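Chain and residue survey
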Amino acid sequence: MGCFDSKDPVEREQKIVNQQLEKKLKTWNKDYMKAIKLLLLGAGESGKTTIIKQMKILHISGFSESDRQEKVVDIRQNIHESIYDLVTNMSALKPPVVFANDESEISASYICNLGPKEPSSYTQEYYDHVQTLWNDDGIKECYRRSNEFQLIDSAKYFLDRIKEVRNSEYRPSDQLFEGIHAILFLVASSDFDQTLREETGVNRLREAVNLFDDIWHSRFLRHAGVIVFLNKQDMLKEKIESGKSVASYFPEYNKYQMSSKDGDGSDEYIRTRCFIRDLFSDVTKKKPRSPEDRKSSILPGLVVMVADTENRQCYFHFTVATDTGNIKTVFEDVHSMILMRILTDWGLQ
Ligand SMILES: Nc1nc2c(ncn2[C@@H]2O[C@H](COP(=O)(O)OP(=O)(O)OP(=O)(O)O)[C@@H](O)[C@H]2O)c(=O)[nH]1
Ligand SMILES: [Mg+2]
């Protein structure tokens, strides 16, 4: 038996265009999923720009925003066409298909009122209705019987992407963070004796710990792996070897117990860098700072605190961002760590 081949040239052309579009989107999606997405965060002058420069040197590139926007426009149009065709054809089928949920009736009239042409603006309400309909078992049944009417080939592919498209337009924070595999948080470790330029009196390292607290407990970032780069190790070593002590700024250093796996504590620089690492690792074991303490947070709109429910791990590296060789080695470790995480998420590890 041969395949159904439309004799109508317009219909045939439409089908070809659809197939080409579907192919393009599939390739785009595959590439996007393949890319490892990192979010680089850190206080002022901690070395973020330097790390990006090193990444460029080490040939790491990403997706452009215009590529992404172009894809969103294509998907939106196809979502509307698909859901409109499904809704309007449901009752005409023989025997007809009915909605499984009552609320879908309201969503169906909303979509029918818009007509077959895509809406002038895509609102949250619009996406809610499409989502309600696409979740309805009646619509799913209608989709299964789509051989009985005209529906674009890739309707399911597009409708399954509602969340992705909606996020890209209406929830900028989520869009920014969705699919991020890991957050790189940079710390200028040698800042232990510095105060913030803009707010004299605030210790820069202490402020970096507070910022990390906000980021670690942020609702938006809770699914991403977190890697802390304890950067500027060369400057830290220099400071310690010149006789400066972290104890003058962090009195708790005097009582600091170094773990035996980190060394015997005889090297002051090693002891200091472990102490600084533990300032950050303690954050991952504690509750978020109180709202009172977070008044001066530089991320007020972004941070919605959550208490940890998942068992998350944080990875620490001692880095010198200005040293390409050092960053290359560290990134090789980071890369394997992220791949392991992805495999674990997929249940392959
Ligand atoms: N010695 C040394 N200098 C570093 C290191 N990392 C960064 N720097 C220097 O520190 C300064 C600040 O680094 P940037 O990469 O500009 O820091 P940033 O986080 O992008 O700073 P802002 O954009 O101002 O927030 C630059 O002069 C860097 O060359 C390091 O590991 N060792
Ligand atoms: Mg910068």
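Given the structure is predicted, the values throughout are model-derived calculations rather than measurements.

Quick word on the site of ligand 1
- In the vicinity of ligand 1 there are 15 residues, among which Lys48, Thr49, Thr50, Asp234 and Ala321 approach most closely.
- Take Glu45: an N or O atom from its main chain is 2.9 Å from an oxygen atom of ligand 1.
- Side-chain polar atom of Lys232 to an oxygen atom of ligand 1: 3.2 Å apart, as the coordinates give it.
- Summarising the interface, the protein chains cover 67% of the accessible area of ligand 1, which totals 650 Å² for the free molecule.
- Going through the elements one at a time, helix H2 (48-57) and helix H11 (233-241) are the ones with two or more residues in the shell around ligand 1.
- The biggest single contributor to the shell around ligand 1 is H2, with three residues.

A word on the pattern of salt bridges
- Scanning the entire structure with this criterion turns up 11 salt bridges.
- As a salt-bridge pair, Asp191 and Arg204 come within 3.2 Å of each other at their nearest N and O atoms. Highlighted residues: Asp191 in the loop between strand S2 (182-188) and helix H10 (204-216) and Arg204 in helix H10, separated in sequence by 13 residues. As far as burial versus exposure is concerned, Asp191 and Arg204 are alike and both buried.
- With a closest N to O distance of 3.2 Å, Lys237 and Glu241 form a salt bridge.

A few points about empty space enclosed by the protein
- Considering all chains together, one arrives at two cavities of 30 Å³ or more under this definition.
- Lining the largest cavity, in full, are Ala43, Gly44, Ser46, Leu186, Val187, Ala188, Asp191, Arg204 and Ala208.
- In terms of residues, the lining of the largest cavity owes the most to one element, S2, which gives three residues.
- Grouping the amino acids of the lining of the largest cavity by side-chain chemistry returns five nonpolar, two polar and two charged.

What to know about the packing of H10 against helix H12 (residues 268-283)
- At a minimum axis separation of 9 Å, H10 and H12 run at an interaxial angle of 30 degrees. On the basis of the axis angle, H10 is roughly parallel to H12. With respect to the hand of their crossing, H10 and H12 are arranged in right-handed fashion. Where H10 approaches H12, its residues Leu205, Ala208, Val209, Phe212, Asp213 and Trp216 are matched on the opposing element by Ile276, Leu279, Phe280 and Val283.
- The residue inventory of the contact of H10 with H12, partitioned by class, reads nine nonpolar, no polar and one charged.

Some remarks on the side chain of His317
- With respect to the helices and strands, His317 occurs in strand S4 (residues 314-318).
- Look at His317 and you get buried, because its relative accessible area is 16%.
- Sequence-distant contacts of His317, that is, excluding residues within four places in its chain, are made with Ile227, Val228, Phe229, Leu230, Val330, Asp333 and Val334.

With respect to unusual backbone geometry
- Cis geometry is found at the peptide bond from Lys94 to Pro95, where omega equals -5 degrees.
- You can see Pro95 is positioned in the loop between helix H3 (65-90) and helix H4 (103-114).
- You will see that Glu45, though not glycine, has its phi angle at about 60 degrees, which is positive.
- Relative to the helices and strands, Glu45 resides in the loop between strand S1 (38-42) and H2.
- Taking the relative accessible area as the measure of exposure, Glu45 reaches 43% and is therefore partly exposed.
- Of note, Lys232 is a non-glycine position whose phi angle comes to about 60 degrees, a positive value.
- If you trace the backbone, Lys232 turns up in the loop between strand S3 (225-231) and H11.

What about the UniProt feature "binding site: Mg(2+)" (unreviewed entry) in the protein?
- Here, the residues flagged by UniProt with the feature "binding site: Mg(2+)" (unreviewed entry) are Thr49.
- Relative to the elements of secondary structure, Thr49 occurs in helix H2.
- According to the relative accessible area criterion, Thr49 is exposed, its value standing at 52%.

Calculation criteria
Residues numbered from 1 in each chain as written. Chains lettered and ligands numbered in written order. Predicted model: local features only at pLDDT ≥ 70, side-chain atom pairs only at ≥ 80, totals over all residues. Heavy atoms only, no water. Near = heavy atom within 4 Å. Polar contact = N/O pair within 3.5 Å; in protein donor to acceptor, adjacent residues only side chain to side chain. Areas by Shrake-Rupley, 256 points an atom, 1.4 Å probe, with all protein chains shown as cover. Helix = DSSP H or I, 4+ residues; strand = E, 2+ residues; numbered from the N terminus. Salt bridge = Lys/Arg side-chain N within 4 Å of Asp/Glu carboxyl O. Buried < 20%, exposed > 50% of the residue type's maximum accessible area, 1.4 Å probe, protein only. 1 Å grid on protein atoms, 1.4 Å probe; cavity = no way out; pocket = protein on both sides within 12 Å on 5 of 7 lines; lining within 4 Å. Points joined across faces, edges and corners; volume = space filled by probe spheres on them. Nonpolar A, V, L, I, M, F, W, Y, C, P; charged D, E, K, R; others polar. Axes fitted to C-alpha atoms, helices over the stretch in contact; angles between N-to-C directions. Parallel < 35°, antiparallel > 145°, perpendicular 65-115°, else oblique. Left-handed = near helix turned anticlockwise from the far one by under 90°. Contact = heavy atoms within 4.5 Å. UniProt positions renumbered as here; feature names shortened; annotations may be inferred.

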